[in-house]
Amino acid sequence: MKREMIDLDTSKIYGNGITPAEVSELKAEMEQCNRMLHERSGAGNEFLGWVDLPSSISEQAFEAIDQAARSLKEVADVVIVIGIGGSYLGVKAILSALSDPFEMMSTDRDYPMLLFAGQNISEDYLYDLFRAVEKRRIAAIVISKSGTTTEPAIAFRLVKNEIERRYGKEQAAARIIAVTDEHRGALKTMATQEGYQTFVIPDDVGGRFSVFTPVGLLPLAVAGIDIKALIQGARDMEQATGAEVSFAENPAAQYAAARTVLYRRGKKIEMLASYEPQLKYIGEWWKQLFGESEGKEGKGLFPASESLTTDLHSMGQYVQDGERILFETVLSVEKPKHELSVPKDDENLDGLNYLIDNNIHRINEINRMAELGTMLAHVDGGVPNIRIKLQQIDEYRIGALLYFFEKACGISGYALGVNPFDQPGVEAYKRNMFALLGKPGYEQEGDELRKRL
Ligand code: PA5
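Residues numbered from 1 in each chain as written. Predicted model: local features only at pLDDT ≥ 70, side-chain atom pairs only at ≥ 80, totals over all residues. Heavy atoms only, no water.

**Some points on the overall build of the protein chain**
Line of reasoning, step 1. Helix and strand counts for the protein chain stand at 18 helices and 10 strands.
Line of reasoning, step 2. Compactness check: the protein chain gives a C-alpha radius of gyration of 23 Å against a globular reference of 22 Å for 453 residues, within 12% of the reference.
Line of reasoning, step 3. For the C-alpha atoms alone, the extent of the protein chain along its principal axes is close to 65 × 60 × 55 Å.
Line of reasoning, step 4. Sequence separation of 24 or more characterises 78% of the internal contacts of the protein chain that already satisfy a separation of 6 or more.
Line of reasoning, step 5. In the form shown here, the protein chain has an accessible surface area of approximately 21,300 Å², with 51% of it arising from carbon and sulfur atoms.
Line of reasoning, step 6. Seen as two clouds, the 51 positive and the 67 negative side-chain charges of the protein chain have centres 3 Å apart. (Helix = DSSP H or I, 4+ residues; strand = E, 2+ residues; numbered from the N terminus. Rg over C-alpha atoms; globule rule 2.2 N^0.38 Å. Contact = heavy atoms within 4.5 Å. Areas by Shrake-Rupley, 256 points an atom, 1.4 Å probe, with all protein chains shown as cover. Lys, Arg positive; Asp, Glu negative; His and termini not counted. Charge placed at Lys NZ, Arg CZ, Asp CG, Glu CD.)

Take a look at the structure:
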């Protein structure tokens, strides 16, 4: 039987002229956009492998991932996961959501620790990473769909070098796994030549939609995350948002409709907020998903994120009182994993005993009141509010949530009239960087750019 996945509440977007009828008017359009995804009839249809990906993962695929994860666990205390964009953010988001944030303090771990590289080109970051793992046994998972991305290629050259220096070239192959294209790219060529085990990113799954491929599943399995429960959540959401599911039953279509109405009514920024700090990187993953999918042709909601209540003491002023161009989508978590209460203090020097007098004991109850009070304050300040409620944070619900966002992103992108599955804008910085670095083929552009610096 399906567990409760997520609960979408759009009731606080209404007012200032926005009515439920306006959202309902989009019913047919949203259903049509959803069908286009399933029928592969819209723009970017060569990248729609993610739509039925969760339901198509075989037992053998799980078994292969499990075996590879066990092999790395045997030889390493730390696995360095190398990748950027879609080859980084999904793992980072799920791992952060499901792990104890202070795990790094613990001395006895059941699974290797994952550390990340290739998501920046910072010399100090890489230096510090190597220093941190000096006395640990290391292995690496290098992830790049194209196999040619500069950031992970640089980090991998250093990590490969270090693994070979420590264990010798022969042994290095048992400590490095590549996740990449089946046929193309420098990483594929290198993996074949060096004898690394490889996992394939399917051709028809783009980077930011690849979290349920080995891109996400292999590192997560290494870290001891229950990837079967994660995929079960995604599968149940795949079914709950299927082509034939009506608008009234389809939470992804309803979320897409709400944000489309708000965008068409002049809201330009969607702020994803959560009161649970471990969901911060879900916000980072979500920003890539929606930003790269929708931000093109001079269109698209700007995806921003905030971690609350922390950011109420920084961004809160703007959200409450700045330009009225944004709305909030709150990831609201019902039940924490653990229990902690405010202790009674007879001296009451901090004046907090009123909480206990009012029968408010749990920290979570205070967090909940902060969330509800903020929601009403922001709504009163002209910031419409969408709430996505999760009973708790676990593998099943995170799997469901990420698929929900992927589906809503595909539907919204089609409603916006763009190809949600390409990212032509990402190339501009790469061209300039290659030109400035003197990469063969970019010499003339390099000269021209240098004159402008
Ligand atoms: O969504 C995308 O396609 C991109 O953000 C990529 O994930 C990112 O550029 C990394 O690409 P690659 O996996 O080819 O190294």
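From this point, the discussion proceeds with the structure in view.
**Section: the environment of Ala-415**
Line of reasoning, step 1. Note that Ala-415 resides in helix 16 (residues 395-416).
Line of reasoning, step 2. The class of Ala-415 is buried, set by a relative accessible area of 12%.
Line of reasoning, step 3. Along the sequence, Ala-415 and Arg-131 sit 284 residues apart, while their C-alpha atoms lie 49 Å from each other.
Line of reasoning, step 4. Setting aside anything within four residues of it in sequence, one finds Ala-415 in contact with Glu-29, Met-30, Cys-33, Thr-260 and Arg-264. (Buried < 20%, exposed > 50% of the residue type's maximum accessible area, 1.4 Å probe, protein only.)

**Focus: the site of the ligand**
Line of reasoning, step 1. The environment of the ligand is formed by 13 residues, the closest being Ser-87, Ser-144, Ser-146, Thr-149 and Gln-288.
Line of reasoning, step 2. Within the side chain of Gln-288, a nitrogen or oxygen atom sits 2.6 Å from an oxygen atom of the ligand.
Line of reasoning, step 3. Contact between the ligand and Glu-292: an oxygen atom at 2.9 Å from a side-chain N or O atom of the residue.
Line of reasoning, step 4. If the ligand stood free it would expose 380 Å²; the protein chains cover 89% of that surface.
Line of reasoning, step 5. When the residues that make up the shell around the ligand are grouped by side-chain class, the tally is 1 nonpolar, 9 polar and 3 charged. (Near = heavy atom within 4 Å. Polar contact = N/O pair within 3.5 Å; in protein donor to acceptor, adjacent residues only side chain to side chain. Nonpolar A, V, L, I, M, F, W, Y, C, P; charged D, E, K, R; others polar.)

**Observations concerning the domain arrangement of the protein chain**
Line of reasoning, step 1. Per the domain assignment, the segments making up the protein chain are domain 1 (7-42 + 231-416) and domain 2 (53-229).
Line of reasoning, step 2. A C-alpha centroid distance of 30 Å is found between domain 1 and domain 2.
Line of reasoning, step 3. If you look at the interface, domain 1 gives 28 residues, while domain 2 gives 26 residues.
Line of reasoning, step 4. For the pair domain 1 and domain 2, the summed buried surface comes to about 2,300 Å²; carbon and sulfur atoms form 64% of the total.
Line of reasoning, step 5. Ranking the residues of domain 1 by area buried against domain 2 places Ile-231, Tyr-281 and Glu-395 at the top, with a combined share of 30%.
Line of reasoning, step 6. The tally of links between domain 1 and domain 2 comes to 1 salt bridge.
Line of reasoning, step 7. Between Glu-292 and Arg-208 there is a salt bridge; the shortest N-O distance is 3.0 Å.
Line of reasoning, step 8. Listing elements by their share of the side of domain 1 that touches domain 2, those giving two or more residues are helix 10 (227-240), helix 12 (280-294) and helix 16. (Domains from an automatic or database assignment. Buried area = accessible area lost by both parts, 1.4 Å probe. Salt bridge = Lys/Arg side-chain N within 4 Å of Asp/Glu carboxyl O.)

**What about the pattern of salt bridges?**
Line of reasoning, step 1. Inspection of the entire model under this criterion finds 31 salt bridges.
Line of reasoning, step 2. Across the salt bridge formed by Arg-40 and Asp-52, the nearest N and O atoms sit 3.5 Å from each other. Taken together, the residues Arg-40 in the loop between helix 2 (27-39) and helix 3 (53-56) and Asp-52 in the loop between helix 2 and helix 3 connect sequence positions 12 residues apart.
Line of reasoning, step 3. Among the salt bridges present, the one from Lys-228 reaches Glu-59, with a minimum N-O distance of 2.9 Å. Here Glu-59 lies in helix 4 (residues 59-75) and Lys-228 lies in helix 10, a separation of 169 residues in the sequence.

**Remarks on the side chain of Ser-293**
Line of reasoning, step 1. Tracing the backbone shows Ser-293 in helix 12.
Line of reasoning, step 2. Apart from residues no more than four positions distant in its own chain, Ser-293 is found in contact with Arg-208, Phe-209, Gln-288, Cys-409, Val-418, Asn-419 and Pro-420.

**So, the nonpolar core**
Line of reasoning, step 1. Ile-398, Phe-404 and Phe-405 are the most contacted members of the largest nonpolar core, which has 100 residues in total.
Line of reasoning, step 2. Among the elements that take part in this core, helix 16 stands out by supplying 14 residues, more than any other.
Line of reasoning, step 3. Contacts of Phe-404, omitting those with residues within four sequence positions, involve Ile-6, Leu-8, Met-237, Pro-251, Ala-252, Tyr-255 and Ile-388.
Line of reasoning, step 4. Counting residues in hydrophobic clusters, the runner-up holds 22 residues, among them Ala-117, Ala-140, Ala-155 and Ile-176. (Core = buried A, V, L, I, M, F, W, Y, C linked by side-chain atoms within 4.5 Å.)

**Some thoughts on helix 9 (residues 214-222)**
Line of reasoning, step 1. For helix 9, a buried count of 9 out of 9 residues is recorded, marking the element as mostly surrounded by other parts of the structure.
Line of reasoning, step 2. Positive phi appears at Gly-224, one or two residues downstream of helix 9, with a value of about 85°.

**Some words on the sheet that holds strand 6 (residues 197-200)**
Line of reasoning, step 1. The 5 strands are arranged 3-2-4-5-6 in an open sheet whose pairing can be described as parallel. Both edges of this open sheet fall to strand 3 (113-117) and strand 6, since each of them pairs with a single strand only. Averaged over all pairs of adjacent strands, the angle between strand axes in this sheet comes to 20°, irrespective of strand direction.
Line of reasoning, step 2. As paired elements, strand 5 (residues 176-180) and strand 6 share 4 bridges and run parallel to each other. Paired with Thr-180 across the two strands is Val-200, which belongs to strand 6.
Line of reasoning, step 3. Packing against the sheet, helix 4 makes contact with strand 2 (78-82), strand 4 (138-144), strand 5 and strand 6, and its axis sits at approximately 145° to strand 6.
Line of reasoning, step 4. Contacts between helix 7 (residues 150-172) and the sheet are confined to strand 2, strand 3, strand 4 and strand 5, with strand 4 contributing the most and set at about 140° to the helix. (Pairing = 2+ DSSP bridges. Axes fitted to C-alpha atoms, helices over the stretch in contact; angles between N-to-C directions.)

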